[in-house]
Amino acid sequence: MTAATDTPGSVTAVYQVSGMSCGHCEGAVSGELSELAGVTSVKAVASTGEVTVVSAAPLDEEAVRAAVDEAGFELTGRV
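Along each chain, the written sequence defines residue order, and numbers are assigned to residues from 1. Owing to the predicted nature of the model, reporting of local features is limited to residues with pLDDT of at least 70; listing and counting of side-chain atom pairs is limited to 80 or more, with chain, interface and lining totals taken over all residues. For the side-chain quantities, the full set of heavy atoms in the structure was used; hydrogens and water were omitted.

(A) Quick peek at the nonpolar core. Counting residues in hydrophobic clusters, the biggest one holds 21 residues, and the most contacted among them are Met20, Leu33, Val51, Val53, Val64 and Phe73. Setting aside residues up to four positions removed in sequence, valine 64 forms contacts with Tyr15, Leu33, Leu36, Leu59 and Leu75. Buried Ala, Val, Leu, Ile, Met, Phe, Trp, Tyr and Cys residues that are joined via side-chain atoms within 4.5 Å together make up what is termed a nonpolar core. Between buried and exposed lies partly exposed: a residue is buried under 20% and exposed over 50% of the maximum accessible area for its type, with that area taken using a 1.4 Å probe on protein chains only. Here, residues are in contact when the closest pair of their heavy atoms is within 4.5 Å.

(B) A look at helix 1 (residues 23-34). Each helix corresponds to a stretch of at least 4 residues labelled H or I by DSSP, and each strand to a stretch of at least 2 residues labelled E; elements are numbered beginning at the N terminus. Multiplying 1.5 Å by the helix residue count minus one yields the expected span of that helix. Look at helix 1: 16 Å from first C-alpha to last across 12 residues, which is about the 16 Å you get at 1.5 Å a residue. Listing the buried residues of helix 1 in full gives Cys25, Val29, Ser30 and Leu33. For helix 1, the arc enclosing every buried residue in end-on projection is 125 degrees, short of the 170-degree limit, so these residues lie on one face. Summarising the contacts, the buried residues of helix 1 are in contact with strand 2 (39-45), strand 3 (50-55) and helix 2 (61-70). Along the arc lie the directions from the helix axis toward the C-beta atoms.

(C) Representation of the pattern of salt bridges in the model. Salt bridges are defined as contacts in which a side-chain nitrogen from Lys or Arg sits within 4 Å of a carboxyl oxygen from Asp or Glu. Enumeration over the complete set of coordinates arrives at two salt bridges. Glutamate 61 is the partner of arginine 65 in a salt bridge, and the nearest nitrogen-oxygen pair spans 3.6 Å. Of the two residues, arginine 65 and glutamate 61 are both situated in helix 2; the distance of four residues between them amounts to about one turn of the helix. By relative accessible area, glutamate 61 is classed as partly exposed at 28%. Accessibility expressed as a relative area gives 26% for arginine 65, which makes it partly exposed. Within this structure, Glu61, Glu62 and Arg65 form a network of salt bridges that share partners.

Now the structure itself:
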């Protein structure tokens, strides 16, 4: 469970989300996570259940969990 630095000042984290099955699911999760403070990029992939989030600083995992829950899915952990 490590975060990799993408560009100076940004942090990339990959999360595992269960329940996504289509593009609409990807959009719902991406939309909620994009609203978190400091998030600059979100890429959700339903086929793998992976969501890659780039942010200005490390994100609070409970905030990420709450956003995923709000979208109707379950955060199962970090990759």
